[in-house]
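Overview (structure and organization)
Okay, here's what each chain looks like letter by letter:
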Amino acid sequence: MLAVRLSADTPGALSFRAGLTTPHPAAAPGAEPGAATLAVHGRAPVRVASWRGGSTVYREDEGTGFAAAVRVRTVSGSVRSADGGIEVTGADQALLLVAVGTGYRDWRCRTDGPEAALAEAHRWLDEAGGHEFDQLRAAHTADHRRLFRAAELRLHDREARAVEERPTDERLTAANAGGADPALAALLFAYGRYLLIASSRPGTQPANLQGIWKHDVTPPWNSDWTSNINHQMNYWPAETTGLGECHGPLFDLVTDLAEAGRSTARTYYDAPGWCCHHNVDLWRATDPVQGDPVWAHWPMAGAWLAAHLWDHHLFHGDRAFLADRAYPVMREAARFITHLLVADSDGALVTCPSTSPEHHFRLADGTLAAVDAGCTMDYWLVAELLDNTVAAARELGVDHELAEELVRLRARLRRPGLAADGRLLEWRDDLPEEDPGHRHLSHLYGLYPGRAVDPLGDDSLLDPARRALERRLRHGGGGTGWSLAWVAALAARLGDGALVGHAVERLLATSIAPNLFDLHPPRLFQIDGNLGITAAIAESLLQSHNGTLRLLPALPPSWTDGDVRGLRARGGLTVGLSWRRGVLTGAELRAARGTTVDLHLPERACLPVVTDDQGNLLVAATAAGDARRLRLRLAAGSRHRLTYRAPDIGH
C-alpha cells in the first residue's frame, strides 16, 4: 500500500490528473464506476528475456496476473474520470491510495489471472480506505520505528559536523575529494538496515538482487537470488543489527528449497537429502542452469543457506525453531553432502565435482577450466555444516547414529592447502588463477562469514588467509561494491581496522550512487553491497562468532569518536558501546536469557568496573596476560554496564 496526501495552502487551489501506466502491453488501464478509482491489470510475460538480450514473450491467457489500483478521496472540489485517468479540480486536499495485487500464490501451483490480482488490490484499498491518512501514517511509522530504532550508530567528528547537514550527493562528492566525513559510514549502516526492513518482512519474498526497487521488465540478473554469495550477503546484517525478524523470508525460502531440492539431489547425483545450485528464482529452482560450470555447476548453496538457520538459533535460542525449522533443513543438507564426498589418493575426503564460484584456473596449455575436486570453499562449507548439524542433533537429543557418522566424516576431510608463498589456496593445488584480483573471495569463507579461522581460536590458517586476501587486493580485488563489502568483513575478522576503513572509503568512492544505492560496474544497482557493508561495519564494532564477545575488534582509525547501541550478539545479548579518541569508554550488555559471557577487551582499553541496573558494583576486572578477558554471568532480563577510565582521555 502507498498513501499520499496532497494539500494546498489556498482553499480550492489543488488540481491534478492521476493515471496508471505499465510497460506490459497486455494490460489496459481504465477508470472504474464511481470515478474515484482507477485500475490497470494484465498478465506478466510467460518468458522473460535475459537482461543481456533476447525476447520477452506474452500470451493472452498465460502468465501471472497483476493489477494496480489507485483511489482518490478529496476535501471539497470535484473528482471525475477522463481519458483513462482521474481528474481532481478545485480541492483543498486529496488522499491517494495505491495498491497492487498479484496472481502468484505459491511455487507449487499455477498462478491466478488478472481478475484475482485486481480483486486483491481492491481488498487492500478497501482495508486502507476506512482510515484517515494520519492513522495510516502513524501505523506505518510505528511499525518501521520498531525495527529501525532498535539499533543506531553515530560517528562524531567535531570538525565535520557542519558537513552532515549537507545533501548526501554533496557529501559524497566532498568525501571522495578528500574531505573528512566519517559519519557517511554511519549513514551507510543506517541505510542498509532501512533497505532490509523495506524489502524483507514476514509474509514477503526475500530480498533479491534489487530488493523491491526495480523498474525494468528484464532487470539485471532477472532479480533472482544468486546463492553463491549475493543472496546470503543480503542477510549478513539481519541478526547482528537487530533485524532477526527480517530474516524470516529467507528461512521460508530455504524451507521451500529443501523440498524442491530433493528431486534435484536424486536426479542429478542419485543422492539423498537436498541440494541447491547457484541460481534460485520465484519457482524455487534448485537445478544447475545452462552455461559454464564455473557458475552453473555449484551444488553447495544448500550448505551455505542452512548456516543461516543455525546462526539464527545461536542468536535467539529458540528451541522450537531449531527442532521444527532449522534442524530438518540442516540434517537433509548434510545427508546430501555426505554423498558428494569421495576419498582422494590419500584417503582424505573431498567434494567431487567441485568449483570455486565464478573463478577459472588455467591448465598447463593455457586454457581455462573450472571443475576440480576439493575446492577450499567446499571444505569450509562442508566442515561447518557437519559441525552445526552434529551440535543441533546433540542439543535436541536426536539422530545419535547420524551425528556419530558425521563426526567420523568430519575428521577425514582434507584440509585446505598452502601455496609456496604461504597463502591459502583456492583450489586443491596451486593452480594459476584466471584473475588474481577476482571479485569472489570464496576461499576465505572460513574467515567470514564462517568462523573456522579465528585470531582467538584456531589461528593456524589466519596468516595464510591474510596473505590470500592481500594477494587479491594487490591485483585489484574488491572491484565491485559487494566484493568491497566482503573485504571489509574479512578485515574486521582479521582485526584490521585500517583496512575496514579503507574498504568503506573505497566503496563510497567507486560503487555508491548519489542516493546511496550500491552499484555493480558500470551502473547497475545491486543491493547486496549495501547490506554487506552494513554487516561489515557491525562486525568491526562487535563480534561473537566463537563464544567470545569482542568489543571494538577492528575500529577504523578515522572513526575516532562514536557510539553504537542495539548491536546483537549470539547468546541473546544486546550491546551498546561508546568510544572516544579510538578508546573504549563504556559498554552496556542486556541479556534476553541467562548466559555466561566471555569478554575480550580492546588492547587500548583499561580494565572496566561492572555495575548492574542499580549501580551496584559487581566486579572489577583483572588482566590475564596480554589478552584482557572478563567473564560475566548474566541473568535473563539483566543489564550490566561497563565503565572505563582510559589513561589518556579521562572518563
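All figures in this text were calculated on a predicted structure; none of them were measured in a lab.

1. Quick look at the overall build of the chain
Across its full length, the chain carries 16 helices and 27 strands. In terms of C-alpha radius of gyration, the chain reaches 27 Å, essentially the compact-globule figure of 26 Å for 651 residues. With the C-alpha coordinates aligned to their principal axes, the bounding extent of the chain is approximately 80 × 65 × 50 Å. For the chain, the residues scored as buried account for 53% of the 651 residues in total. When contacts within the chain are restricted to residue pairs at least 6 apart in sequence, those whose partners lie at least 24 apart make up 66%.

2. A few points about unusual backbone geometry
Residue P353 is bonded to the preceding C352 through a cis peptide linkage, with omega at 0°. The residue P353 is located in the loop between β13 (349-351) and β14 (361-362) in this model. Cis geometry marks the peptide bond from Y448 to P449, where omega comes out at 10°. Position of P449 among the secondary structure elements: in the loop between α12 (400-411) and α13 (462-474). For R284, which is not glycine, the phi torsion reads 60° and is therefore positive. Here R284 shows up in the loop between β11 (279-280) and α8 (293-296).

3. Some points on the side chain of S638
Note that S638 resides in the loop between β26 (629-634) and β27 (639-643). From its side chain, S638 meets the backbone oxygen of A635 in a polar contact 2.7 Å long. Ignoring sequence-local partners within four residues, the contact set of S638 consists of L589, R590 and A591.

4. As for the sheet that holds strand β6 (residues 78-82)
Strands sit in the order β2-β7-β6 across an open sheet of three strands; the sheet is antiparallel. A single partner strand is all that each edge strand has here, and the edge strands are β2 (14-18) and β6. Taken pair by pair, the neighbouring strands of this sheet meet at an average axis angle of 15°, ignoring direction. Taken together, the four bridges between β2 and strand β7 (residues 85-91) define a ladder with antiparallel strand orientation. Paired with R17 across the strands is E87, a residue of β7.

5. Observations regarding the nonpolar core
In terms of nonpolar packing, the biggest core is built from 145 residues, with L541, L549, L551, L589 and L599 touching the most fellow members. If near-sequence neighbours (up to four positions away) are discounted, L599 is found in contact with T548, L549, L551, L589, R628, R629, L630, L632 and L642. Core analysis: the next-biggest nonpolar cluster, separate from the first, contains 14 residues, L14, V70, A91 and L96 among them.

6. A look at the packing of aromatic side chains
If you walk through the whole model with that rule in mind, you get 14 aromatic pairs. On the numbers, 5.1 Å between centres and 65° between planes, the contact of Y104 with W283 is edge-to-face. A residue pair is termed long-range when its members are at least 10 positions apart, and Y104 in the loop between β8 (93-102) and α1 (114-129) and W283 in the loop between β11 and α8 qualify at 179 residues. Y104 gets classed as buried once you look at its relative accessible area, which sits at 14%.

7. Thoughts on the state of the cysteines
Covalently bonding the sulfur atom of one cysteine to the sulfur atom of another cysteine gives a disulfide. Enumeration according to the criterion identifies zero disulfides in this entry. C275 supplies the cysteine sulfur nearest to C276, a cysteine that is in no disulfide, at a spacing of 7.4 Å.

8. Let's talk about the packing of helix α7 (residues 248-269) against helix α9 (residues 301-316)
How two helices sit against one another is set out by the angle between their axes and by the gap between those axes. For the pair α7 and α9, interaxial distance at closest approach is 10 Å and the crossing angle is 130°. Judged by the inter-axis angle, α7 sits oblique to α9. In the crossing of α7 with α9, the sense of the turn from one axis to the other is left-handed. On α9, the residues that touch L250, F251, V254 and L257 of α7 are L305, H308, L309 and H312.

9. Topic: the side chain of T226
Secondary-structure assignment places T226 in strand β10 (residues 225-226). We classify T226 as buried; its relative accessible area is 7%. With sequence-adjacent residues up to four places away left out, T226 is seen in contact with L209, H231, Q232, H278 and N279.

10. Looking at the sheet that holds strand β23 (residues 595-600)
The strand order β18-β19-β23-β26 describes an open sheet built from four strands, whose pairing is mixed. Each end of this open sheet is capped by a strand with a single partner; those strands are β18 (542-543) and β26. With two bridges connecting them, β18 and strand β19 (residues 548-551) associate as antiparallel partners. The partner of L542 across the bridge, within β19, is L551.

11. A closer look at helix α4 (residues 183-199)
The terminal C-alpha atoms of α4 lie 24 Å apart, and with 17 residues this matches the ideal 24 Å at 1.5 Å per residue to within 8%. Within α4, 13 of the 17 residues are buried, which leaves the element mostly enclosed by the surrounding structure.

12. Let's talk about a nonpolar patch on the surface
The grouping of L2, V4 and L6 at the surface amounts to a nonpolar patch, some 210 Å² of accessible area in total. Positionally, L2 belongs in strand β1 (residues 2-7). Taking relative accessible area as the criterion, L2 reaches 48% and is therefore assigned partly exposed.

13. Observations regarding the pattern of salt bridges
Counted under the stated rule, the structure contains 41 salt bridges. We note a salt bridge from R201 to E245, for which the minimum N-O separation is 3.9 Å. Residue R201 is found in the loop between α4 and β10, and its partner E245 is found in the loop between α6 (236-240) and α7; the two are separated by 44 residues along the sequence. When its relative accessible area of 17% is taken as the criterion, R201 is described as buried. Residue classification places E245 among the partly exposed positions, given a relative accessible area of 32%. Salt bridges sharing common partners tie together D106, R108, D256, E259 and R284.

14. Looking at the pairing of β7
Note that β6 and β7 share five bridges and pair antiparallel. Residue pairing for β7: V79 is matched across the bridge by V88. The antiparallel pairing of β6 with β7 creates a hairpin that spans two residues between the two strands, and D83 there sits at a positive phi of about 55°.

15. Considering the confidence of the model for the chain
Averaged over every residue, the pLDDT of the chain is 92; the share at 70 or more is 94%. When the criterion is pLDDT under 50, residues 646-651 qualifies, and its contacts beyond four places in sequence or with other chains add up to 13 contacts.

16. Focus: the packing of helix α10 (residues 319-340) against helix α11 (residues 376-396)
Between α10 and α11, the shortest axis-to-axis distance is 9 Å and the interhelical angle comes to 140°. Accordingly, the angle class assigned to the pair α10 and α11 is oblique. Judged by the twist between their axes, the crossing of α10 over α11 is left-handed. Listed contacts from α11 to R319, L322, A323, Y327, M330, R331, A333, A334 and I337 of α10 are V382, L385, L386, N388, T389, A392, A393, E395 and L396. Counted by class, the contact of α10 with α11 contains 13 nonpolar, two polar and three charged residues.

What counts as what
- Residues numbered from 1 in each chain as written.
- Predicted model: local features only at pLDDT ≥ 70, side-chain atom pairs only at ≥ 80, totals over all residues.
- Heavy atoms only, no water.
- Helix = DSSP H or I, 4+ residues; strand = E, 2+ residues; numbered from the N terminus.
- Rg over C-alpha atoms; globule rule 2.2 N^0.38 Å.
- Buried < 20%, exposed > 50% of the residue type's maximum accessible area, 1.4 Å probe, protein only.
- Contact = heavy atoms within 4.5 Å.
- Polar contact = N/O pair within 3.5 Å; in protein donor to acceptor, adjacent residues only side chain to side chain.
- Pairing = 2+ DSSP bridges.
- Axes fitted to C-alpha atoms, helices over the stretch in contact; angles between N-to-C directions.
- Core = buried A, V, L, I, M, F, W, Y, C linked by side-chain atoms within 4.5 Å.
- Phe/Tyr/Trp six-rings, centres within 6.5 Å; stacked < 30°, edge-to-face > 60°.
- Disulfide = S-S within 2.5 Å.
- Parallel < 35°, antiparallel > 145°, perpendicular 65-115°, else oblique.
- Left-handed = near helix turned anticlockwise from the far one by under 90°.
- Expected span 1.5 Å × (residues − 1).
- Patch = residues over 30% accessible without salt bridge, like charges linked within 9 Å, V, L, I, M, F, W, Y side chains within 5 Å.
- Areas by Shrake-Rupley, 256 points an atom, 1.4 Å probe, with all protein chains shown as cover.
- Salt bridge = Lys/Arg side-chain N within 4 Å of Asp/Glu carboxyl O.
- pLDDT = per-residue confidence, 0-100.
- Nonpolar A, V, L, I, M, F, W, Y, C, P; charged D, E, K, R; others polar.

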